[in-house]
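In case you want the letters, here they are:
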Amino acid sequence: MVKSMTGFGRYEASNEDYKISVEMKSVNHRYLDLGIKMPKKFGAFEADIRSLLKSGIQRGKVDIYVSCETFSDKAVRLNYNEALAREYMDIFSKMSGQFSIENDVKVSSLSRFPEVITAEQSEEDEEELWLLLKEALLGALEKFVEQRTKEGGHLKEDLCEKLDTMAGWVGEIEKRSPQIIQEYRKKVEDKVKELLEGSGIDENRIAAEVTLFADKICVDEETVRLMSHIKTMKDSLMKGGAVGRKLDFIAQEMNREANTILSKANDMEISGTAIDLKTEIEKVREQIQNIE
């Protein structure tokens, strides 16, 4: 299938300890550019994350946002420094006797003194985290690719319609070209007759003049190549896959042929059709920029 380079996907995976959310969105880009924003504790998984995403994405600037919510209390552990608390109380007792003042220290006050009670981040199960993160990534990637594929189908349909229109215009140019030569021959003959006032006409001279004119305006090679490019582009769209770069190259070649036809055109009808052709090619190129 043909895929668009713009897409969005979101998925949440959770268990009794964590809820991990992954959100992905992308815009057009010449290459694959992955920008990942996630909690520090997922830093060790970055290479695996990139490898997993590359399996389903070939081009585009993709922003990935990972968030994690912790449910269990095992992630944080409180430590009680009994020895330090005892030292504090010994000092307070000594101060009370030394200055003859009441020792009014309560447990709640003692617990707030530095280093008596500390919070420590416990080690998390990396395998558990990765399995849950992987589930969220694959879920978001599936939705992301699904949307890209759906939009790619619309792009494919639109491009095929434009290519059919272009093929029709190329056919009109091919049909019109011989008529121009015939019209030019008649114009030359009429001019010669007028100049010679009825004297004999040198058919060889006229044939040579018409041949020279025909060579100058001939666009047969350009129209044949254009029809070949149109067919190749349609075949590539039908085949699908990451064809964006290939299609862009073909569109450039098509534009070059249309420019040559326009420069050779010695006829208003062909010039108008060539301009329409160039306009449609530009529309095709714009659409191709959205294809992976």
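By the naming in an unreviewed UniProt entry, the protein is YicC family protein, taken from Lientehia hominis. One UniProt comment on the protein, placed under Cofactor (unreviewed entry), says "a divalent metal cation". As recorded by UniProt, the Sequence similarities (unreviewed entry) comment attached to the protein reads in full: "Belongs to the YicC/YloC family."

S.K.: Talk me through the packing of aromatic side chains; I want residue IDs and the actual numbers.
M.R.: Within this structure, the stated rule accounts for five aromatic pairs. Aromatic pair Phe-45 and Trp-130: ring centres 5.5 Å apart, planes at 40 degrees, arrangement tilted. Separated by 85 residues along the polypeptide, Phe-45 in the loop between strand 3 (32–37) and helix 1 (46–54) and Trp-130 in helix 4 (residues 126–196) bring together distant segments of the chain. The exposure class of Phe-45 is buried, given its relative accessible area of 6%. Residue classification places Trp-130 among the buried residues on the basis of a relative accessible area of 18%.

S.K.: Could you give me a rundown of the environment of Asn-290, with the residues and numbers involved?
M.R.: Here Asn-290 shows up in the segment after helix 8 (268–288). Residues Asn-290 and Glu-151 lie 139 residues apart in sequence; the distance between their C-alpha atoms is 9.5 Å. Not counting residues within four places of it along the chain, the set of residues in contact with Asn-290 comprises Lys-3, Ser-4, Met-5, Asn-28 and Leu-155. Within polar-contact distance, the side chain of Asn-290 engages the side chain of Asn-28 at 2.7 Å.

S.K.: Help me get a handle on the pairing of strand 1 (residues 7–14), residues and values and all.
M.R.: Where strand 1 meets strand 2 (residues 18–27), eight bridges bridge the pair, whose relative direction is antiparallel. Bridging across to strand 2, Gly-7 finds its partner in Ser-26.

S.K.: Please provide a residue-by-residue account of the pattern of salt bridges, values included.
M.R.: Overall, the coordinates contain 17 salt bridges when judged by the stated rule. Taking the shortest distance from any N to any O, the salt bridge between Lys-162 and Asp-158 comes out at 2.9 Å. With a gap of four residues between them, Lys-162 and Asp-158 both fall in helix 4, about one helical turn apart. Lys-162 gets classed as buried once you look at its relative accessible area, which sits at 15%. Here Lys-231 makes a salt bridge to Asp-235, at a shortest N to O gap of 2.9 Å. Taken together, the positions of Lys-231 and Asp-235, both in helix 6 (residues 220–239) and four residues apart, correspond to about one turn of that helix.

S.K.: Account for the packing of helix 7 (residues 244–264) against helix 8, with residues named and values stated.
M.R.: At their nearest, the axes of helix 7 and helix 8 sit 9 Å apart, and the two run at 165 degrees to each other. What the angle tells us is that helix 7 and helix 8 run roughly antiparallel. At the point where helix 7 passes helix 8, the crossing takes the left-handed sense. Contacts from Gly-244, Leu-247, Asp-248, Ala-251, Gln-252, Met-254, Asn-255, Ala-258, Asn-259, Ile-261 and Leu-262 in helix 7 reach Ile-270, Ser-271, Ala-274, Ile-275, Leu-277, Lys-278, Ile-281, Glu-282, Arg-285 and Ile-288 in helix 8. Of the residues that constitute the contact of helix 7 with helix 8, the class distribution is twelve nonpolar, five polar and four charged.

S.K.: Tell me about the sheet that holds strand 1, and please be specific about residues and values.
M.R.: With respect to topology, four strands assemble into an open sheet ordered 1-2-4-3, the strand pairing being mixed. The two strands at the open ends of the sheet, each matched to only one other strand, are strand 1 and strand 3. For this sheet, the mean angle separating the axes of adjacent strands, direction not counted, is 15 degrees. Helix 1 contacts strand 2, strand 3 and strand 4 (60–70) of the sheet and is inclined by roughly 135 degrees relative to strand 3.

S.K.: Go over the nonpolar core with me, naming the residues and quoting the values.
M.R.: The nonpolar side chains of a soluble globular protein tend to be buried with one another. Residues Met-166, Met-233, Leu-237, Met-254, Leu-277 and Ile-291 are the most contacted members of the largest nonpolar core, which totals 30 residues. Put simply, the parts of the chain that give this core at least two residues each are helix 4, helix 6, helix 7 and helix 8. Here this core takes ten residues from helix 4, the largest share from any one element. Among residues more than four places away in sequence, those in contact with Ile-291 are Val-2, Lys-3, Met-5, Arg-59, Leu-155, Leu-159, Leu-237, Val-243, Gly-244 and Leu-247. Ile-20, Val-22, Ile-64 and Leu-129 belong to the second largest nonpolar core, which has 26 residues in total.

S.K.: Explain helix 6 to me, and be specific about the residues and the numbers.
M.R.: When the terminal C-alpha atoms of helix 6 are compared, their 29 Å separation across 20 residues agrees well with the 28 Å that a helix rising 1.5 Å per residue should span. Within helix 6 the residues assigned to the buried category are Glu-222, Thr-223, Leu-226, His-229, Ile-230, Met-233, Ser-236 and Leu-237. Seen along its axis, helix 6 keeps its buried residues to an arc of 150 degrees; they face one direction. Opposite its buried face, helix 6 presents the exposed residues Glu-221, Val-224, Lys-231, Met-238 and Lys-239, each directed more than 90 degrees away. Within two residues after helix 6, Gly-240 carries a phi angle of roughly 80 degrees, on the positive side.

About the cut-offs
Residues numbered from 1 in each chain as written. Predicted model: local features only at pLDDT ≥ 70, side-chain atom pairs only at ≥ 80, totals over all residues. Heavy atoms only, no water. UniProt positions renumbered as here; feature names shortened; annotations may be inferred. Phe/Tyr/Trp six-rings, centres within 6.5 Å; stacked < 30°, edge-to-face > 60°. Helix = DSSP H or I, 4+ residues; strand = E, 2+ residues; numbered from the N terminus. Buried < 20%, exposed > 50% of the residue type's maximum accessible area, 1.4 Å probe, protein only. Contact = heavy atoms within 4.5 Å. Polar contact = N/O pair within 3.5 Å; in protein donor to acceptor, adjacent residues only side chain to side chain. Pairing = 2+ DSSP bridges. Salt bridge = Lys/Arg side-chain N within 4 Å of Asp/Glu carboxyl O. Axes fitted to C-alpha atoms, helices over the stretch in contact; angles between N-to-C directions. Parallel < 35°, antiparallel > 145°, perpendicular 65-115°, else oblique. Left-handed = near helix turned anticlockwise from the far one by under 90°. Nonpolar A, V, L, I, M, F, W, Y, C, P; charged D, E, K, R; others polar. Core = buried A, V, L, I, M, F, W, Y, C linked by side-chain atoms within 4.5 Å. Expected span 1.5 Å × (residues − 1). Arc of directions from axis to C-beta.

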